[in-house]
Amino acid sequence: PEIPPGGPTVAIATQGCKLNQADSEVLARRFAGAGYRVVEANQGPQVFVLNTCTVTGTADSKARRALRSARRANPQALVVATGCYAQRAPEDLTALDAVSLVIGNFQKDDLVAMVSNALAGKPKPAGPEAQALERLVPKTRPNRQKGFRIRANVKIQEGCDQVCAYCIVPKVRGRERSIPVAELVEQINRYGDEGYQEVVLTGTQLGTYGFDLPQTSLAKMLRRILDETTVPRVRVSSLQAQEITPELLDLWDTAPQRLCPHFHIPLQSGSDSVLKAMRRRYDTRTFAATVELVRRRIPDAGITTDLIVGFPGEDETSFQASLDFASAMAFSDMHVFPYSPRPGTSAARYPNSVAAETKKDRAAQMLAAAKRGFQDFRNGQIGNTRPVLWENQGDRDGVRRWSGLTDNYIRVYGRSSRDLTNVICQARLLNGDGDDPYAEVD
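Just so it is clear, the structure is predicted and the values come from calculations on it, not from any experiment. (Residues numbered from 1 in each chain as written. Predicted model: local features only at pLDDT ≥ 70, side-chain atom pairs only at ≥ 80, totals over all residues. Heavy atoms only, no water.)

A. Main features of the packing of aromatic side chains. This model, assessed by the stated rule, comprises nine aromatic pairs. Judged by centre distance (6.0 Å) and plane angle (75°), the ring pair of F287 and F331 falls under edge-to-face. In this pair, F287 sits in helix 12 (residues 284-297) while F331 sits in the loop between helix 13 (316-329) and strand 13 (333-338), placing the two residues 44 residues apart along the sequence. What makes F287 buried here is its relative accessible area of 0%. Exposure remark for F331: the relative accessible area of 3% places this residue in the buried category. Ring geometry for F311 against Y339: centres 5.2 Å apart, planes inclined by 75°, an arrangement best described as edge-to-face. Here F311 is found in the loop between strand 12 (302-309) and helix 13, whereas its partner Y339 is found in the loop between strand 13 and helix 14 (356-380), with 28 residues between them in sequence. With respect to burial, F311 and Y339 carry one shared label: buried. Here the aromatic cluster, defined as three or more aromatic residues joined through ring pairs, consists of Y166, F311, Y339 and Y350. For R378, the ring lying beneath its charged end belongs to F374, and the centroid distance is 3.4 Å. (Phe/Tyr/Trp six-rings, centres within 6.5 Å; stacked < 30°, edge-to-face > 60°. Helix = DSSP H or I, 4+ residues; strand = E, 2+ residues; numbered from the N terminus. Buried < 20%, exposed > 50% of the residue type's maximum accessible area, 1.4 Å probe, protein only. Lys NZ or Arg CZ within 6 Å of the ring centre and 35° of its normal.)

This is the structure we're talking about:
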């Protein structure tokens, strides 16, 4: 499509997981490569794209509010809904007056072409025409632009075959499929050339990476990334408990300065009966053994998790078991979600639903345990020196401070007269009062 002089402006907002963030980064690159100028949402863009989440009913509500807000702020803009909510219930979003286009996950490769045609008043391309338009959109961004992330999310895998009882992801992301290693190496090297200091490997089911590729596995892929790229930090976003093996952890021994000692291991429930009803592929004994293995091999590792409260059939006994188990695991952080039935999942038809007030109370109790673990882990790191990737400078409590993340996923703040943006340096963690620590920069 013909691009006006100077290029139209586009803003991309992202809700939900790191996989959505990775998708948004690819969309930004494709828009920029097609002649668009990527701007912030408050800069009056001609196109506003919302990459939605649909993991809970609350996520759906947030998406609708964001779309209406975008329309109010930019009455003449082309407002585009994409992502998981757009894939699950396109008719819901199409019915909103605020929305101009609804493009699901399975059409994301054509999104830039479809937007360009809409701006030009042309019908949606199809068949060879759509493929020809997509070839106009390079995978690389010609110049690094202000506002892109210091750490890059790299999608290594898409889809899920696990089909947990509560989860809508298999329906909105499709079957599991792996990105070939050579493509990942090329993409990560491109990020390295652009100055990124960290890449986060994302996907729905990272532990099964490579099952559909010849002689490939997660461990073999990580080895090649370590051998064939130079980005200083590599972070693995999420792994299932049963997928973390001593052989996989060997990689952290061989590259302790590059593989971040941070493991996000979703628990979902600390009750074996609830885990069985959820159709998770581990029990609490397996989970505890995995956490113990990680801590024995990598003592300062941050271990974070996801937890659902109020799953159908979760009575007081099973909730207390979940709370006690989660507390005993001493996670460095927990993301807590009240159960939200998703249409099309088997759990949405389960009996013995939990009352909303009960879910709210249980979430509060679990969040209190999360806060205790959060504080204990950070206080336990006080006095240690760790590498910090500094991101930006801003005001905190009226003082100008730099903000960054340690390799083991602790948010820290520090002062320095030099520009620390996108710099990794050693910093000593100080003050253990339960707030984000102050880091003394070398």
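B. Representation of helix 13 within the structure. Here helix 13 is 14 residues long and its end C-alpha atoms lie 20 Å apart, about the 20 Å a rise of 1.5 Å per residue gives. All of the buried residues in helix 13 are S318, F319, S322, L323, F325, A326 and M329. Angularly, the buried residues of helix 13 cover 170° about the axis, an arc narrow enough to put them on a single face. Away from the buried face of helix 13 by more than 90 degrees, exposed residues T317 and A328 are located. (Expected span 1.5 Å × (residues − 1). Arc of directions from axis to C-beta.)

C. Examining the packing of helix 1 (residues 18-33) against helix 5 (residues 111-119) more closely. The geometry of helix 1 relative to helix 5 is characterised by a closest axis approach of 10 Å and an angle of 50° between their N-to-C directions. One way to sum up the angle between helix 1 and helix 5 is to call them oblique. Where helix 1 crosses over helix 5, the two elements pack in a sense that is right-handed. Together, L27, R30 and F31 of helix 1 and L111, V112 and V115 of helix 5 make up the contact between the two elements. Counted by class, the contact of helix 1 with helix 5 contains five nonpolar, no polar and one charged residues. (Axes fitted to C-alpha atoms, helices over the stretch in contact; angles between N-to-C directions. Parallel < 35°, antiparallel > 145°, perpendicular 65-115°, else oblique. Left-handed = near helix turned anticlockwise from the far one by under 90°. Contact = heavy atoms within 4.5 Å. Nonpolar A, V, L, I, M, F, W, Y, C, P; charged D, E, K, R; others polar.)

D. Seen up close, the sheet that holds strand 9 (residues 198-202). The parallel open sheet is built from three strands, whose spatial order is 6-9-10. Two strands bound the open sheet, and with one partner strand each, they are strand 6 (151-155) and strand 10 (233-236). Ignoring strand direction, the axes of neighbouring strands in this sheet form an average angle of 25°. Pairing of strand 6 with strand 9 involves five bridges; the strand directions are parallel. Residue pairing for strand 9: R151 is matched across the bridge by E198. (Pairing = 2+ DSSP bridges.)

E. Local environment of the layout of surface pockets. Within this model, the second largest pocket holds a volume of roughly 840 Å³. Surrounding the second largest pocket, 26 residues form its lining, V26, R30, D109, K155 and I179 being those nearest its centre. Looking at the lining of the second largest pocket, the elements that each hand over two or more residues are helix 1, strand 6, helix 7 (169-173), strand 8 (177-178) and helix 8 (181-193). Of the residues assigned to the lining of the second largest pocket, the class counts are eight nonpolar, five polar and 13 charged. (1 Å grid on protein atoms, 1.4 Å probe; cavity = no way out; pocket = protein on both sides within 12 Å on 5 of 7 lines; lining within 4 Å. Points joined across faces, edges and corners; volume = space filled by probe spheres on them.)

F. View of the pairing of strand 10. Alternating positions in strand 10 separate into two faces, R233 and R235 on one and V234 and V236 on the other, with burial throughout. Bridge count for strand 9 against strand 10 is four bridges, and the pairing is parallel. Pairing of V200 across the sheet is with R235, part of strand 10. Read from strand 9 through helix 9 (residues 218-228) to strand 10, the crossover connection turns out right-handed. (Right-handed = clockwise from strand over helix to strand, strands pointing away.)

G. Layout of the pattern of salt bridges. Scanning all chains against the criterion turns up 24 salt bridges. Ionic pairing is found between D250 and R297, a salt bridge with its closest N-O pair at 2.6 Å. One end of the pair, D250, is in helix 10 (residues 246-254); the other, R297, is in helix 12, with 47 residues separating them in the sequence. Among the residues examined, R297 registers a relative accessible area of 24% and is labelled partly exposed. (Salt bridge = Lys/Arg side-chain N within 4 Å of Asp/Glu carboxyl O.)

H. Up close: empty space enclosed by the protein. One pass over the structure, following the stated rule, counts one cavity of 30 Å³ or more. Taken as a whole, the largest cavity encloses approximately 30 Å³ of empty space. Q162, C164, Q240, Q242, R280, R281 and Y282 are the residues that line the largest cavity. For the lining of the largest cavity, the per-class residue count stands at two nonpolar, three polar and two charged.

I. Region of interest: unusual backbone geometry. Phi is positive for Q215, close to 50°, though the residue is something other than glycine. Positionally, Q215 belongs in the loop between strand 9 and helix 9. The backbone phi angle of R279 is positive, close to 65°, even though this residue is not glycine. With respect to the helices and strands, R279 occurs in the loop between helix 11 (272-278) and helix 12.

These figures come from the coordinates and say nothing about function on their own.
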